[in-house]
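What follows is each chain in one-letter form.
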Amino acid sequence: MNDQLIKEIMSEVLKKIEKPIGKIETPIKQVVVNKENEKYNKQSLVENQSNKQFCLTEFVDTAIGDTIGLVIANLDHSLHEMMNIDKKYKSIGIIGARTGAGAQIMSADEAVKATNAEVISVELARDTKGGAGHGILILFGAEDVSDVRQAVEITLNDLNRTFGDLYINEGGHLEFQYTARASYACNKAFKAPIGKAFGIIVGAPAAIGLLLADTAMKSANVEIIEYWSPAHKTSHSNECVTTISGDAEAVKQAILVAREVGLKLLSMMGGTPISQTTPYI
Amino acid sequence: MNDQLIKEIMSEVLKKIEKPIGKIETPIKQVVVNKENEKYNKQSLVENQSNKQFCLTEFVDTAIGDTIGLVIANLDHSLHEMMNIDKKYKSIGIIGARTGAGAQIMSADEAVKATNAEVISVELARDTKGGAGHGILILFGAEDVSDVRQAVEITLNDLNRTFGDLYINEGGHLEFQYTARASYACNKAFKAPIGKAFGIIVGAPAAIGLLLADTAMKSANVEIIEYWSPAHKTSHSNECVTTISGDAEAVKQAILVAREVGLKLLSMMGGTPISQTTPYI
Amino acid sequence: MNDQLIKEIMSEVLKKIEKPIGKIETPIKQVVVNKENEKYNKQSLVENQSNKQFCLTEFVDTAIGDTIGLVIANLDHSLHEMMNIDKKYKSIGIIGARTGAGAQIMSADEAVKATNAEVISVELARDTKGGAGHGILILFGAEDVSDVRQAVEITLNDLNRTFGDLYINEGGHLEFQYTARASYACNKAFKAPIGKAFGIIVGAPAAIGLLLADTAMKSANVEIIEYWSPAHKTSHSNECVTTISGDAEAVKQAILVAREVGLKLLSMMGGTPISQTTPYI
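All chains use their own residue numbering, which begins from 1 and follows the written sequence. Chain A is the first chain written and ligand 1 is the first ligand written, with later ones labelled in order. Only residues with pLDDT of at least 70 get local features here, since the model is predicted, and only at 80 or more are side-chain atom pairs given and counted; chain-wide, interface and lining totals rely on the full set of residues. Water and hydrogen atoms were dropped before computing side-chain values, which therefore reflect all heavy atoms in the structure.

The name recorded for chain A in an unreviewed UniProt entry is Microcompartment protein PduB, from Clostridium uliginosum. UniProt positions are given in the numbering used here, feature names are shortened, and annotations may be inferred rather than shown by experiment. The annotation that UniProt attaches to chain A under Subcellular location (unreviewed entry) is "Bacterial microcompartment".

Printed below as a string of structure tokens:
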């Protein structure tokens with residue numbers, strides 16, 4: 001009976017302490033807080049300006065991947081000069097994240113298609129909170145703050161989609177991104193030809209990423225645009241990143257085959273790689 | 001009764017296994033061991049040279065942030081050449097850490113003010129044990145080992161202060177440093193004007209750091225000295241680092257406003273950011 | 001009785017949840033899966049081609065340090081060009097890992113001695129899954145796929161040996177590698193003189209690595225080949241890496257003294273540093 005009891009309790013305890021591996025911890029508390037604030041703010045906007053709103057007009061929202069969106073209506077003059085940003089961008093929008101890069105870039109690409117904001121810069125940190133990949137800093141610029149705010153909002157809202165083909169397990173990660181028509185964010189970050197179908201194939205550790213590059217190139221008639229490896233262009237992340245362009249069907253086909261192979265290979269290094277949201281390609 | 005018992009045990013267990021997030025794990029065991037050794041060594045120094053002392057005259061002490069202090073009385077000749085260090089520095093003092101950079105640099109700044117040691121080099125690793133920031137390697141140089149030892153000791157002893165305005169939560173971190181009179185460590189690391197009030201403002205993820213830069217510049221009449229971002233000067237950390245100089249009150253004011261905004265923003269990405277010791281600014 | 005029971009259960013629970021610090025988590029599940037597949041494949045090979053074998057002829061095996069070995073029989077033409085690899089290497093072998101660098105390079109060194117494969121490139125990522133060091137990507141090249149496959153296999157099989165002098169605790173890590181006769185992998189990665197005794201000395205945080213460099217140079221008549229620090233050549237890892245060459249006995253002696261000092265120093269920053277397998281030097 002004693003043993004039975006112990007077993008029972010142990011199973012209870014272990015259920016509570018077992019962390020699922022491979023899922024980015026969504027900052028639940030934060031989301032709840034935001035949602036509450038949002039509601040609160042919406043209510044209070046009717047009545048009067050809420051304290052939070054007033055103090056932090058620059059804050060837009062947070063999203064998956066420890067992503068935060070901010071806006072600065074009038075960038076300080078001396079900082080503007082120090083950052084070497086074109087003078088025409090009075091307002092800037094900021095997307096920052098601890099995890100990701102491809103996802104945020106692809107979502108930012110949708111944002112520049114839909115707004116008057118332009119992409120000023122894309123910088124990749126070495127991050128992912130101890131993982132093998134990047135974090136990111138994207139700057140949008142416009143004359144008017146409403147344009148960059150809209151760009152930031154569209155990007156944040158689109159992230160649930162673009163995190164769909166990010167797969168993680170304890171061994172590493174895979175990322176796939178696809179667009180039928182690349183725009184200026186993909187061009188700034190990866191030299192994607194504007195207006196053409198474009199895909200991003202990432203594997204970590206880099207060994208897997210390299211094999212996926214080879215797999216993709218052999219599975220369809222696509223053009224290789226860039227190839228990044230730990231010592232070249234990746235901020236020393238443990239990834240190979242391959243970008244491809246060409247006919248829409250061909251790009252998609254190349255990605256799908258690479259994804260199939262990637263999921264098999266990465267599962268050799270741990271459990272089944274888990275999509276962060278829902279695959280979209 | 002069974003259920004009651006289970007609840008009781010669970011609460012006990014969970015109390016034991018819950019790790020506080022946002023506090024750097026001070027290596028407790030190590031500190032205890034050191035203190036014991038110290039006592040032991042002090043005792044044994046009266047009687048005879050303890051084994052530990054004899055073997056590791058180079059070891060000075062450890063401190064917060066997984067920081068270690070070492071000295072080399074006579075740096076090996078061929079290593080000296082390989083490191084391209086000025087010949088006049090026969091002895092070198094070493095500060096190394098897994099977490100931090102600003103804190104160690106600011107404490108080293110106090111050390112060079114108070115000793116004959118000079119700062120040879122400041123190198124920033126991409127570290128913080130899976131966090132978004134840096135680790136560090138600082139070298140002091142002097143003709144005499146007692147000078148570099150003193151510099152190392154002062155630095156280590158000052159770290160409890162300079163870790164006071166380092167705030168961490170699961171989303172990222174903030175760091176603020178202030179001195180009324182910058183010296184050669186701040187100058188070497190950040191080009192701080194010698195003898196003038198000087199401040200360091202760090203935010204991670206970088207998006208927050210950039211907004212803090214803008215906030216600081218707008219809140220007081222200060223001069224921007226440097227602006228670092230993931231792709232520029234930060235060893236690919238996910239930070240923006242801004243350094244400012246000017247009138248003492250203005251520099252302090254700029255930091256205090258940035259700190260207030262930073263704590264609000266970072267709390268949007270997780271729990272309340274926690275000071276590592278006690279705020280000093 | 002209640003208290004006694006709680007104590008009993010607590011001890012059971014804590015036994016289960018306490019993770020040993022300092023030991024790389026060998027991907028046990030994966031190894032088991034592989035071994036099972038291997039067995040299965042060997043059986044099925046007699047009867048018919050197994051599904052797994054068919055889909056992933058490129059997969060060789062995994063090993064300690066989250067290492068994976070792959071081969072590509074005919075590297076895609078446009079990728080080949082993009083990677084700027086010599087045309088004579090039709091086939092490439094790939095070693096990739098999340099943890100390590102020295103170990104994989106030293107094992108690859110044995111592989112090139114024993115096969116017709118050559119080392120095309122060695123790239124060091126900033127990784128170790130949140131630790132202070134590197135991950136790696138090594139490429140072998142040959143005209144024939146059997147040559148690169150053999151090189152990959154030899155490397156993977158040798159890793160249990162070369163992980164023997166990798167010591168880890170919560171403060172950092174130490175790594176020591178020794179060969180009586182360096183070959184082309186050590187030469188490509190560290191400029192080791194071919195055919196001479198060669199040693200690698202790594203300490204993290206970098207402060208310890210620097211002291212070990214000094215210790216090694218003073219303990220035997222060896223020549224310093226390279227000295228790496230966070231800002232120079234290390235992909236911003238928090239390590240100092242020193243490579244030495246000379247008479248076999250001298251190189252060994254220098255490493256052994258550095259190892260002794262390193263283990264003492266690193267234990268000041270945490271628990272006893274633990275060898276990942278069995279020391280071999």
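K.L.:
Where do I start with the sheet that holds strand β3 (residues 91-97) of chain A in this structure?
P.N.:
For sheets, the rule is that strands pair by backbone hydrogen bonds, running either parallel or antiparallel. Pairing between two strands requires that DSSP report at least two bridges joining them. The numbering of helices and of strands both runs from the N terminus, where a helix is a DSSP run of H or I of at least 4 residues and a strand a run of E of at least 2. Taken together, 5 strands build an open sheet; the order of strands is β1-β2-β3-β5-β4 (chain A) and the sheet is antiparallel. Taken across any chain shown, the strands that pair with only one partner, and hence form the sheet edges, are β1 (59-63) and β4 (118-126) of chain A. Taken over all neighbouring pairs, the strand axes of this sheet differ in orientation by 15 degrees on average, direction set aside. Pairing geometry for β1(A) and strand β2 (residues 67-72) of chain A, over 4 bridges, is antiparallel. The residue bridging Thr62(A) from the neighbouring strand is Ile68(A), located in β2(A). In this fold helix α8 (residues 206-219) of chain B packs onto β2, β3 and β5 (134-142) of chain A, with an angle of close to 25 degrees to the strand it touches most, β2(A). All axes are obtained by fitting lines to C-alpha atoms, using only the stretch in contact for helices, and the reported angles, taken between N-to-C directions, cover 0 to 180 degrees. In this description, contact between two residues means that some pair of their heavy atoms is separated by no more than 4.5 Å.

K.L.:
Just checking my understanding: could you explain the pattern of salt bridges for this structure?
P.N.:
Working definition: two side chains of opposite charge can pair if their charged atoms are close together. Criterion for a salt bridge: a side-chain nitrogen of Lys or Arg within 4 Å of a carboxyl oxygen of Asp or Glu. In this structure the tally under the stated criterion is 33 salt bridges over all chains. The residue Asp127(A) makes a salt bridge to Arg126(B) at a minimum N-O spacing of 3.8 Å. Of this pair, Asp127(A) sits in the loop between β4 and β5 while Arg126(B) sits in strand β4 (residues 118-126), which puts the two residues in different chains. Across the pair, exposure class does not vary: Asp127(A) and Arg126(B) are buried alike. A network of salt bridges, in which partner residues are shared, links Arg98(A), Asp127(A) and Arg126(B). Partly exposed residues are those whose accessible area sits between 20% and 50% of the maximum for their type, while under 20% is buried and over 50% is exposed, using a 1.4 Å probe and protein chains only.

K.L.:
I keep staring at the pairing of β1(A) and nothing clicks. Help me out?
P.N.:
Where a strand is regular, its side chains alternate between the two sheet faces. Of all the 5 residues making up β1(A), 5 are buried; the element is thus mostly covered by neighbouring parts of the structure. From the end of β1(A) to the start of β2(A), which pair antiparallel, there are 3 residues, and Gly65(A) there has a positive phi angle of about 80 degrees.

K.L.:
Which parts of the structure should I look at to understand the packing of helix α5 (residues 102-114) of chain C against helix α6 (residues 145-162) of chain C?
P.N.:
Any two packed helices are characterised by the angle at which their axes cross and by the distance between the axes. Residues and elements named next belong to chain C. At a minimum axis separation of 8 Å, α5 and α6 run at an interaxial angle of 135 degrees. On the basis of their axis angle, the class for α5 and α6 is oblique. Where α5 crosses over α6, the two elements pack in a sense that is right-handed. Of α6, the residues touching α5 (which contributes Ala103, Gln104, Met106, Ser107, Ala108, Glu110, Ala111 and Ala114) are Gln150, Ala151, Ile154, Thr155, Asp158, Leu159, Arg161 and Thr162. For classification purposes, angles smaller than 35 degrees are called roughly parallel, those larger than 145 roughly antiparallel, those between 65 and 115 roughly perpendicular, and all remaining angles oblique. Two helices that cross are described as forming a left-handed crossing if the nearer one is turned anticlockwise from the farther one by less than a right angle, and a right-handed crossing if clockwise.

K.L.:
Looking at this model, I keep getting lost on α8(B). Mind explaining?
P.N.:
Side chains of residues three or four places apart in an α-helix project in the same direction, reflecting 3.6 residues per turn. To estimate the expected span of a helix, count its residues, drop one, and scale the result by 1.5 Å. For α8(B), spanning 14 residues, the distance from its first C-alpha to its last is 20 Å, which sits close to the expected 20 Å at 1.5 Å a residue. Within α8(B), 12 of the 14 residues are buried, which leaves the element mostly enclosed by the surrounding structure.

K.L.:
Please explain the packing of aromatic side chains as it appears in this structure.
P.N.:
Aromatic ring pairs are reported here in terms of the distance separating the ring centres and the angle at which the planes meet. Two aromatic rings from Phe, Tyr or Trp, using only the six-membered ring of Trp, form a pair when their centres are within 6.5 Å; if the ring planes differ by under 30 degrees the pair is stacked, by over 60 it is edge-to-face, and anything between is tilted. On inspection of all chains with the given rule, the structure shows 9 aromatic pairs over all chains. Seen from their ring centres, Phe190(B) and Phe198(B) are 6.2 Å apart, and the 40 degrees between their planes marks the pair as tilted. Ring centres of Phe190(B) and Trp228(B) lie 5.2 Å apart, and the angle between their planes is 35 degrees; this geometry places the pair in the tilted category. Here Phe190(B) is found in helix α7 (residues 184-190), whereas its partner Trp228(B) is found in strand β9 (residues 223-228), with 38 residues between them in sequence. Assigned by exposure class, Phe190(B) and Trp228(B) land together as buried. Clustering of aromatic rings is evident, with ring pairs tying together Phe190(A), Phe198(A) and Trp228(A). A cation sits over an aromatic face here: Arg161(B) above Tyr280(B), 4.8 Å from the ring centre. Only when the NZ atom of a Lys or the CZ atom of an Arg is both within 6 Å of the ring centre and within 35 degrees of the ring normal do we say a charge sits over the ring.

K.L.:
Please clarify how the sheet that holds strand β10 (residues 240-246) of chain A should be interpreted in this entry.
P.N.:
Residue and element names in this part refer to chain A. Strand order in the open sheet made by the 6 strands is β9-β10-β8-β7-β6-β11, with antiparallel pairing throughout. Edge positions in the sheet fall to β9 (223-228) and β11 (274-275), since each of these pairs with one other strand and no more. Where strand β6 (residues 166-169) and strand β7 (residues 172-179) come together, 4 bridges link them in antiparallel fashion. Paired with Tyr167 across the strands is Leu174, a residue of β7. Along the sheet, helix α9 (residues 248-267) contacts β6, β7, β8 (197-204) and β10; its crossing angle with β7, the most-contacted strand, is approximately 170 degrees.

K.L.:
Even after reading the chapter, I still don't get the side chain of Ser91(B), so can you show me in this structure?
P.N.:
All names here are of chain B. Among the secondary structure elements, Ser91 is positioned in strand β3 (residues 91-97). Looking at Ser91, the relative accessible area reads 2%, which means it is buried. For Ser91, the residues in contact, after removing those within four places along its chain, are Ile72, Ala73, Phe140, Gly141, Ala142, Glu143, Asp144, Val145 and Val148.

K.L.:
Please explain the environment of Gly69(B) as it appears in this structure.
P.N.:
Residue and element names in this part refer to chain B. Relative to the helices and strands, Gly69 resides in strand β2 (residues 67-72). Among the residues examined, Gly69 registers a relative accessible area of 0% and is labelled buried. Sequence separation between Gly69 and Phe59 is 10 residues, and the spatial gap between their C-alpha atoms is 6.6 Å. The residues contacting Gly69, other than those within four sequence positions of it, are Glu58, Phe59, Val60, Asp61, Ile94, Ile95, Val152 and Leu156.

K.L.:
What am I meant to see in the environment of Gly195(C) here?
P.N.:
All names here are of chain C. As for its placement among the helices and strands, Gly195 is situated in the loop between α7 (184-190) and β8 (197-204). Taking the C-alpha atoms as reference, Gly195 lies 5.0 Å from Ala182; in sequence the two are 13 residues apart. Once you skip the residues sitting within four places of it in the chain, Gly195 turns out to touch Ala180, Arg181 and Ala182.

K.L.:
I tried to follow unusual backbone geometry on my own but got confused; where do I start?
P.N.:
Backbone geometry follows two general trends: most residues other than glycine have a negative phi, and most peptide bonds adopt the trans configuration. Of note, the bond from Ala204(A) into Pro205(A) is cis; its omega dihedral lies within 30 degrees of zero at 0 degrees. Along the chain, Pro205(A) falls in the loop between β8 and α8 (206-219). The residue Asp66(C) is not glycine, and still its phi comes out positive at about 50 degrees. Along the chain, Asp66(C) falls in the loop between β1 (59-63) and β2 (67-72). Positive phi outside glycine occurs at Thr128(C), with the angle close to 60 degrees. Inspection of the secondary structure puts Thr128(C) in the loop between β4 (118-126) and β5 (134-142).

K.L.:
Just checking my understanding: could you explain helix α9 (residues 248-267) of chain B for this structure?
P.N.:
Here α9(B) contains 20 residues, and its C-alpha end-to-end distance of 29 Å stays within 8% of the 28 Å for a straight helix at 1.5 Å per residue. Among all positions in α9(B), only Ala250(B), Val251(B), Ala254(B), Ile255(B), Ala258(B), Arg259(B), Val261(B), Gly262(B), Leu265(B) and Leu266(B) are buried.

K.L.:
I would appreciate a short explanation of the environment of Ala250(B) in the present structure.
P.N.:
All names here are of chain B. Examined against the element boundaries, Ala250 turns out to sit in helix α9. Counting along the chain gives 27 residues from Ala250 to Glu223, while the straight-line C-alpha distance between them is 9.7 Å. For Ala250, the contacting residues outside a window of four places in its chain are Ala220, Asn221 and Val222.

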